[in-house]
Amino acid sequence: MFEKVIKNAQLPFQKDLLNIGIIDGVIASISTEQLIGKEEFDLDGNLLMPPFIEMHTHLDTVLTAGESTSNNSGTLSEAIEIWLKLKQSLREDDVKKRATAAIKMLMEYGVLHIRAAVDISDPNLTALTALLDLKKQLQPFVDLQVIAFPQDGLISCSANRERLIEAVKRGADAVSAVPHLEYTREDGVKSLEFAFSVAKEYGKDVHIFCDETDDEHSRFLEVVASITIKEQMEGRVAASHANALLYYSDAYAQKVMSLVKKAKLTIVCCPLINSTMQARMDAHPKGRGITRIKELTEEGINVCIAHDDIQTPFYPFGNGNILQAAHMAIHLAHMTGSEELTHIYHMITSNGADAFSIKETYGIKIGLPATFVSFPVKNIRDLFFRQPKCRYVFKNGEVLIETEPEKTKWTQSMI
Ligand SMILES: [Zn+2]
C-alpha cells in the first residue's frame, strides 16, 4: 500500500493514463495497473506534469505598477527612470511583502523554480538583502535563484562593480550585465568581461540581459557567446531578450546563432514584456518584439520562455501565469503546429532544468521527488489556450496548493 496514489493522470506525450504511487515523498511506482493508497487523488484523465521553471523575473520591482508609476511611453528608458525614483526609498519589509505575494501568484500557476534578477544599483543593497533572506526562508516550498543585476550598468555606474562582487559574496547565484545600456559599445564589451571575470572567480553562473533593443547594431550576443567559449563556461550562461537578433540580416543572424549553439547558451525570451516594449520606434510594419525563438529552436539551441515582470513600470500586467507568456510566444513566433507546441512546452519546463542544476531531480520518474502539478485540462493544447490555475501543486508528496475548478452554471435555456 502506498501513502498516496495519484490515479488516472495524463502525463504529457504519454498514450495511457497512469497511476503514481508515492512513499516518503518520493515516486515509488508509475503504472497503468491499479495502485492502492491510504490517500488517493483521482485526476480523471487530467494533465500531470513537472512544475514550470520561470527563468527570468524581478521580485524587487514587482507589484509597483499604478497610476503614479505609469510608464506612458511604454519604453525601457521611461521604465528605468521611474524605477530609479522608486528604488531610492526601498524598504526590506516592503520588498519581502511584494516578492512573497508575487511568488505565491507564480506558484498557484505551477511555477516552483524562480530565477529573479535583483537590481544592485543601490548603495544599501536593500532588495538584495531582502531577497536572499526570503530565498532561505521559502526554501522548503520554492526554489529561488537570485541574480545580481546592475540595472544602471557596470561601467556607466562604476560603483556597481564593487556591488556586484559584494552581492556574489553575500550569496547571489549568478551575475548579470546590461551591455546595451552602457554608454558605448566598448563599455558594453568591458561590462561583459567584468561580469564574466567575477563569475569565474567566484564560481557563479552568468545571466546577461542582452540586446534588449530594436537596434540592429546592438551586437552583444556574439560577445557573450565568444567570452563563454574563451572562458570555457559552456552551459553556464544565459542571455535574456536578444531582441536585436530579430533585426540582423539573415546571414549575420545565422553566424550569431551558430556561435550561440557552440557556446551552449540558453536564450530566455520574455514575450509579454518584449511584445509591448519593443518596436515602439519602428515605422509600420512593426517588428513582432520577440527574438527568433523558432529559428533558435530549429538550430538546436536551448530556449526558455519566461513571464518576466509582474505589474511594474516596465510591464503593467501579468498575474504570475507563465502560460500567458507561452501563449503570446506561440502567436508571435508562429509556433502553432503540434510539434511546435511541444517545443513551447519544453521552453517553460525542462529547458530551464539545466540552468537550475536540477536536471537529475526534475521530471516524473520512479525515485524522483513527488513534486509535480496538475491542471484541469486533458492535453498541452488545452493547457495553452485555457491557461488555468493548477488543480493541485504537489511538493515532495504533499499537497501544497489546491484550487477548486471553475464552475459555470446556466440558469436559463437559450434555445
Ligand atoms: Zn526582466
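See the structure above.
Keep in mind that this is a model prediction, so the values were computed, not measured. (Residues numbered from 1 in each chain as written. Predicted model: local features only at pLDDT ≥ 70, side-chain atom pairs only at ≥ 80, totals over all residues. Heavy atoms only, no water.)

On to the overall build of the chain, then. A tally of regular secondary structure across the chain gives 12 helices and 16 strands. Its C-alpha atoms give the chain a radius of gyration of 22 Å, within 12% of the compact-globule value 22 Å for 415 residues. In terms of principal-axis extent, the alpha carbons of the chain reach across some 65 × 50 × 45 Å. For the chain, the residues scored as buried account for 58% of the 415 residues in total. (Helix = DSSP H or I, 4+ residues; strand = E, 2+ residues; numbered from the N terminus. Rg over C-alpha atoms; globule rule 2.2 N^0.38 Å. Buried < 20%, exposed > 50% of the residue type's maximum accessible area, 1.4 Å probe, protein only.)

Turning our eyes to something else, we now look at the packing of helix 6 (residues 221-230) against helix 7 (residues 250-262). Angle between the axes and distance between the axes are the two parameters that describe a pair of packed helices. Closest axis-to-axis distance for the helix 6/helix 7 pair is 9 Å, and the angle between their directions is 30°. When the axis of helix 6 is compared with that of helix 7, the two are roughly parallel. Here helix 6 runs over helix 7; the crossing is left-handed. Facing helix 6, whose interface residues are Leu 221, Glu 222, Ala 225 and Ile 229, helix 7 presents Tyr 252, Lys 255, Val 256, Leu 259, Val 260 and Lys 262. Here the residues of the contact of helix 6 with helix 7 are counted per class, giving seven nonpolar, no polar and three charged. (Axes fitted to C-alpha atoms, helices over the stretch in contact; angles between N-to-C directions. Parallel < 35°, antiparallel > 145°, perpendicular 65-115°, else oblique. Left-handed = near helix turned anticlockwise from the far one by under 90°. Contact = heavy atoms within 4.5 Å. Nonpolar A, V, L, I, M, F, W, Y, C, P; charged D, E, K, R; others polar.)

Ranked by internal contacts, the top residues of the largest apolar core, which has 122 residues, are Phe 52, Ile 103, Leu 221, Ile 293, Ile 344, Phe 375 and Phe 384. Per-domain counts for this core show at least three residues from each of domain 1 (2-50 + 363-402) and domain 2 (52-360). Formed by 15 residues, the second largest nonpolar core is a distinct cluster that contains Leu 18, Phe 41, Leu 43 and Leu 48. (Core = buried A, V, L, I, M, F, W, Y, C linked by side-chain atoms within 4.5 Å. Domains from an automatic or database assignment.)

A word on the packing of helix 5 (residues 185-202) against helix 6. Two elements in contact, helix 5 and helix 6, have axes whose closest approach is 10 Å; the angle formed by their N-to-C orientations is 35°. Judged by the twist between their axes, the crossing of helix 5 over helix 6 is right-handed. Counted together, Arg 185, Val 189, Leu 192, Glu 193 and Phe 196 of helix 5 and Glu 222, Val 223, Val 224, Ile 227 and Thr 228 of helix 6 form the full contact between these two elements. Here the residues of the contact of helix 5 with helix 6 sort into six nonpolar, one polar and three charged.

What helix 1 (residues 76-86) keeps buried is the set Leu 76, Ala 79, Ile 80, Ile 82 and Trp 83. Viewed along the axis of helix 1, the buried residues span an arc of 165°, placing them on a single side of the element. More than 90 degrees from the buried face of helix 1, the exposed residues found are Glu 81 and Lys 85. (Arc of directions from axis to C-beta.)

If you walk through the whole model with that rule in mind, you get nine aromatic pairs. The interplanar angle of 85° and the centroid separation of 5.2 Å between the aromatic rings of Phe 41 and Phe 394 together place this pair among those described as edge-to-face. Taken together, the residues span a long stretch of sequence, with Phe 41 in strand 4 (residues 37-42) and Phe 394 in strand 15 (residues 392-395) at a distance of 353 residues. A residue is classified by how much of its surface remains accessible, and Phe 41, at 9% relative accessible area, is buried. Feature note: the residues Phe 41, Phe 372, Tyr 392 and Phe 394 constitute an aromatic cluster, connected by ring pairs. The aromatic ring of Phe 220 is capped on one face by Arg 185, whose charged end is 5.0 Å from the ring centroid. (Phe/Tyr/Trp six-rings, centres within 6.5 Å; stacked < 30°, edge-to-face > 60°. Lys NZ or Arg CZ within 6 Å of the ring centre and 35° of its normal.)

On to the sheet that holds strand 14 (residues 372-375), then. Spatially, 5-14-15-16 is the arrangement adopted by the four strands of the open sheet, whose pairing is antiparallel. One side of each edge strand has no neighbouring strand; the edge strands of this open sheet are strand 5 (47-49) and strand 16 (398-402). Taking each pair of neighbouring strands and ignoring which way they run, the sheet shows an average axis angle of 20°. Sheet topology note: the strand 14/strand 15 ladder contains three bridges and is antiparallel. Looking at strand 15, one finds that Phe 372 is bridged to Phe 394. (Pairing = 2+ DSSP bridges.)

The expected angle between donors at a tetrahedral four-coordinate metal is 109.5 degrees. At an octahedral six-coordinate metal it is 90 or 180 degrees. Note on the zinc ion: its protein donors are His 56 (NE2), His 58 (NE2), Asp 308 (OD) and Asp 308 (OD). The metal-donor distances range over 2.0 to 2.7 Å. One can describe the donor arrangement at the zinc ion as irregular, given that its four donor atoms subtend angles of 50 to 143° at the metal. For the zinc ion, the single-chain donor residues occur in sequence as H-x1-H-x249-D. You can see His 56 sitting in strand 6 (residues 52-58) and its partner Asp 308 sitting in the loop between strand 13 (302-305) and helix 10 (322-332), a full 252 residues away along the chain. Judged by relative accessible area, His 56 falls into the buried class, the value being 2%. (Donors = N, O, S within 2.8 Å, 3.2 Å for Na, K, Ca; no water. Tetrahedral: all angles 85-135°; square planar, octahedral: opposite > 155°, others 65-115°.)

A word on the side chain of Asn 321. When you line up the elements, Asn 321 lands in the loop between strand 13 and helix 10. In this structure Asn 321 comes out as buried when scored by relative accessible area, which is 1%. Looking at Asn 321, its side chain comes within polar contact range of the main-chain oxygen of Gln 387, at 3.0 Å. The contact partners of Asn 321, leaving out residues within four places of it in the chain, are Tyr 109, His 307 and Gln 387. (Polar contact = N/O pair within 3.5 Å; in protein donor to acceptor, adjacent residues only side chain to side chain.)

Moving on: the pattern of salt bridges. For the structure shown, the criterion picks out 20 salt bridges. Between Lys 87 and Asp 119 there is a salt bridge whose closest N-O contact spans 2.6 Å. Placement of Lys 87 in the loop between helix 1 and helix 2 (92-108) and of Asp 119 in strand 7 (residues 111-119) is noted, with a sequence separation of 32 residues between them. Look at Asp 119 and you get buried, because its relative accessible area is 6%. Put simply, Lys 255 and Glu 222 hold a salt bridge, and the shortest N to O gap is 3.3 Å. One end of the pair, Lys 255, is in helix 7; the other, Glu 222, is in helix 6, with 33 residues separating them in the sequence. (Salt bridge = Lys/Arg side-chain N within 4 Å of Asp/Glu carboxyl O.)

Under the counting rule described, the total for this entry stands at zero disulfides. Cys 269 supplies the cysteine sulfur nearest to Cys 270, a cysteine that is in no disulfide, at a spacing of 6.4 Å. No disulfide involves Cys 304; its sulfur sits 10.0 Å from the nearest other cysteine sulfur, which is in Cys 270. (Disulfide = S-S within 2.5 Å.)

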